[in-house]
Amino acid sequence: MISIAICEDEKIYRDKLKEFLEKFLEQKKYSVEEFENGESFLEKFEKDESYRENLDIVLLDIQMDGINGMDVARKIREWNKKLQIIFITAVPDFLADGYEVKAFRYLLKPIGYEDFCKHFGKCLEEIDENKESSIVINDLNTGKTVVVPIESILFVETYGRNLLIHTEKNVYRVYESIGSMEEKLDREMFFRVHRGYIVNISRIESIKGRNAIVAGNEVMISRDKIKELKERVMDYIEKVMK
């Protein structure tokens, strides 16, 4: 079941998006909920943990009365890093701001079905890929075997003879070399920025000097890796925007 939210203050576009969803997802099970403004969406998103954790995609208008779509997206990222966000806008002025909230897909009004299919289809592909990819670890903190979705990993760092795997919700400690962990992770998604750190490129919020900011954490970058990391980040943005 694909869980979708439409947050759009114009009924004509809510109706159009529902029509597109019905046509595109004809053979799939899905649920869709409408919100007329950012306040009503955030009220449910922040209070209902089950809804927040299971929501897959939000179609989010940027220019709304009250709280705008970009601010809604910032709130979303405080709670959920993996939710797919597709912005809806009448003007392309906000495109550069999308990187901050990890939202690279935009539907420009008036919305065409072909453009909708392109971006929505890519989101579904990413969701499927994320659900299929995981690694199995032995967590030294709890003594338990844990299945960790790869896309939930923010970064990995050395900790003495162990590794700390930082995810959205937990930090796991494993007895493994960083080189071995590097081999397990997708080379397109992850990059070894320092002899002691591997970072998930899709989770980098910004690069400040010789630090990558990942979910509020500063991850050290080797001087000789800065240029390549910036190139990899740009390659990632170009890939998801195709």
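Criteria and thresholds
Residues numbered from 1 in each chain as written. Predicted model: local features only at pLDDT ≥ 70, side-chain atom pairs only at ≥ 80, totals over all residues. Heavy atoms only, no water. Helix = DSSP H or I, 4+ residues; strand = E, 2+ residues; numbered from the N terminus. Rg over C-alpha atoms; globule rule 2.2 N^0.38 Å. Contact = heavy atoms within 4.5 Å. Areas by Shrake-Rupley, 256 points an atom, 1.4 Å probe, with all protein chains shown as cover. Lys, Arg positive; Asp, Glu negative; His and termini not counted. Charge placed at Lys NZ, Arg CZ, Asp CG, Glu CD. Patch = residues over 30% accessible without salt bridge, like charges linked within 9 Å, V, L, I, M, F, W, Y side chains within 5 Å. Salt bridge = Lys/Arg side-chain N within 4 Å of Asp/Glu carboxyl O. Buried < 20%, exposed > 50% of the residue type's maximum accessible area, 1.4 Å probe, protein only. Pairing = 2+ DSSP bridges. Axes fitted to C-alpha atoms, helices over the stretch in contact; angles between N-to-C directions. Phe/Tyr/Trp six-rings, centres within 6.5 Å; stacked < 30°, edge-to-face > 60°. Lys NZ or Arg CZ within 6 Å of the ring centre and 35° of its normal.

## Here we look at the overall build of the chain
Scanning the chain from terminus to terminus reveals seven helices and 15 strands. The globule rule puts the C-alpha radius of gyration for 242 residues at 18 Å, and the 19 Å found for the chain is close to it. The contacts in the chain between residues at least 6 apart in sequence include a share of 56% that link residues at least 24 apart. For the chain, the accessible area works out to roughly 12900 Å², and carbon and sulfur atoms hold 47% of it. Computed over 39 positive and 47 negative side-chain charges, the separation of the two mean positions in the chain equals 6 Å.

## Observations concerning a negative patch on the surface
Among the surface-exposed residues, Asp224, Glu228, Glu231, Asp235 and Glu238 lie close enough to one another that they form a single negatively charged patch. You can see glutamate 238 is positioned in helix α7 (residues 226-241).

## A look at the pairing of strand β6 (residues 134-139)
What you see with β6 is a clean split: Ile135, Ile137 and Asp139 sit on the buried side and Ser134, Val136 and Asn138 on the side with no burial. One ladder, built from six bridges, connects β6 with strand β7 (residues 144-149); its direction is antiparallel. Within β7, the residue paired with aspartate 139 across the bridge is lysine 144. Hairpin connection between β6 and β7: a loop of four residues separates the two successive antiparallel strands, and glycine 143 in this loop has a positive phi of roughly 75°.

## Considerations on the pattern of salt bridges
As enumerated under the stated definition, the model contains 18 salt bridges in all. Across the pair aspartate 15 and lysine 11 runs a salt bridge whose closest N-O atoms are separated by 2.7 Å. A residue pair is termed a helical-turn pair when its members lie 3 or 4 positions apart in one helix, as aspartate 15 and lysine 11 do in helix α1 (residues 11-24) at four residues. Here lysine 11 falls in the exposed class, since its relative accessible area comes to 52%. Overlapping salt bridges, with partners in common, bring together Lys11, Arg14, Asp15, Lys18, Glu34 and Glu36 in one network.

## A look at unusual backbone geometry
The amide bond that connects lysine 109 to the next residue, proline 110, takes the cis arrangement and shows omega of -5°. Relative to the assigned elements, proline 110 resides in the loop between β5 (105-108) and α5 (113-132). In the Ramachandran plot, alanine 215 falls in the positive-phi region, its phi being about 50° despite a non-glycine side chain.

## Considering the sheet that holds strand β9 (residues 162-167)
Where strands meet in a sheet, backbone hydrogen bonds hold them as pairs that are either parallel or antiparallel. In spatial order, the strands read β10-β9-β8-β12-β11; together these five strands make up an open sheet with antiparallel pairing. Looking at strand neighbours, the two that pair on one side only are β10 (171-174) and β11 (190-194), the edges of this open sheet. Sheet twist, expressed as the mean angle between neighbouring strand axes with direction ignored, is 20°. Relative to strand β12 (residues 197-200), β11 is paired through four bridges, and the arrangement is antiparallel. When the bridges of β12 are listed, arginine 192 appears paired with isoleucine 198.

## Focus: the packing of aromatic side chains
As enumerated under the stated definition, the model contains ten aromatic pairs in all. When the centroid spacing of 5.3 Å and the interplanar angle of 25° are considered together, the rings of phenylalanine 41 and phenylalanine 45 count as stacked. With phenylalanine 41 and phenylalanine 45 both in helix α2 (residues 38-47) and four residues apart, the pair spans about one turn of that helix. Summarising the burial analysis for this pair, phenylalanine 41 and phenylalanine 45 share the class buried. An aromatic cluster is built from Phe20, Phe24, Tyr113, Phe116 and Phe120, whose rings are joined through pairwise contacts. Cation over ring: lysine 23 sits above tyrosine 113, and NZ or CZ is 4.2 Å from the ring centre. Sitting above the plane of the tyrosine 51 ring, lysine 44 keeps its charged end 4.6 Å from the centroid.

Don't take any of this as a statement about function, it's just geometry.
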